Amino acid sequence: QPGNQNARQHGFYSRFLSPDDQLALEEAAQLRDLLPELALMRVKLQWLANRPDCSPQLIVQAIRTVARLLDVHRRLTASASPGGSDGPGRP
């Protein structure tokens, strides 16, 4: 709930996070899409693909992670938009 400080002060993670990390966590929790994470994963995927010692399995895992993030992003942004639909043919 907005303004509720109980979770931050007494929540499970509060004893493991610095005050700066707690603030960053609170700010991240307010995000309604995953565009920053998708952008970061794309950069890291390109970095991995350019490393000669990188295993193909790791690249496949990174691609799957990007695909999952994209799917969740679409669901989040669709549920936040009026009508809550991903568009034609999507639940």
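Residues numbered from 1 in each chain as written. Predicted model: local features only at pLDDT ≥ 70, side-chain atom pairs only at ≥ 80, totals over all residues. Heavy atoms only, no water.

Draft legend 1. Geometry of the packing of aromatic side chains. A complete count under the given rule lists 0 aromatic pairs for this structure. The cationic tip of Lys-44 hangs over the ring face of Trp-47; the distance from NZ or CZ to the ring centre is 5.2 Å. (Phe/Tyr/Trp six-rings, centres within 6.5 Å; stacked < 30°, edge-to-face > 60°. Lys NZ or Arg CZ within 6 Å of the ring centre and 35° of its normal.)

Draft legend 2. The arrangement of the pattern of salt bridges in detail. A full pass over the atoms with the stated rule returns 2 salt bridges. The salt bridge partner of Arg-75 is Asp-71, with a shortest N-O separation of 3.1 Å. Of the two residues, Arg-75 and Asp-71 both sit in helix 4 (residues 56-80), 4 residues apart, roughly one turn of that helix. Its relative accessible area of 54% is what places Arg-75 among the exposed residues. Of the residues examined, Asp-71 reaches a relative accessible area of 25% and is grouped as partly exposed. (Salt bridge = Lys/Arg side-chain N within 4 Å of Asp/Glu carboxyl O. Helix = DSSP H or I, 4+ residues; strand = E, 2+ residues; numbered from the N terminus. Buried < 20%, exposed > 50% of the residue type's maximum accessible area, 1.4 Å probe, protein only.)

Draft legend 3. Structural detail: the confidence of the model for the chain. Chain-level statistics for the chain give a pLDDT mean of 79 and a share of 78% at 70 or above. Between residues 86-91, whose pLDDT stays under 50, and residues either more than four places distant or in other chains, the model counts 7 contacts. (pLDDT = per-residue confidence, 0-100. Contact = heavy atoms within 4.5 Å.)

Draft legend 4. Structural detail: a nonpolar patch on the surface. A contiguous nonpolar surface patch, about 490 Å² in accessible area, is contributed by Phe-12, Tyr-13, Phe-16 and Leu-25. Position of Leu-25 relative to the elements: it lies in helix 2 (residues 19-29). By relative accessible area, which is 45% here, Leu-25 ends up partly exposed. (Patch = residues over 30% accessible without salt bridge, like charges linked within 9 Å, V, L, I, M, F, W, Y side chains within 5 Å. Areas by Shrake-Rupley, 256 points an atom, 1.4 Å probe, with all protein chains shown as cover.)

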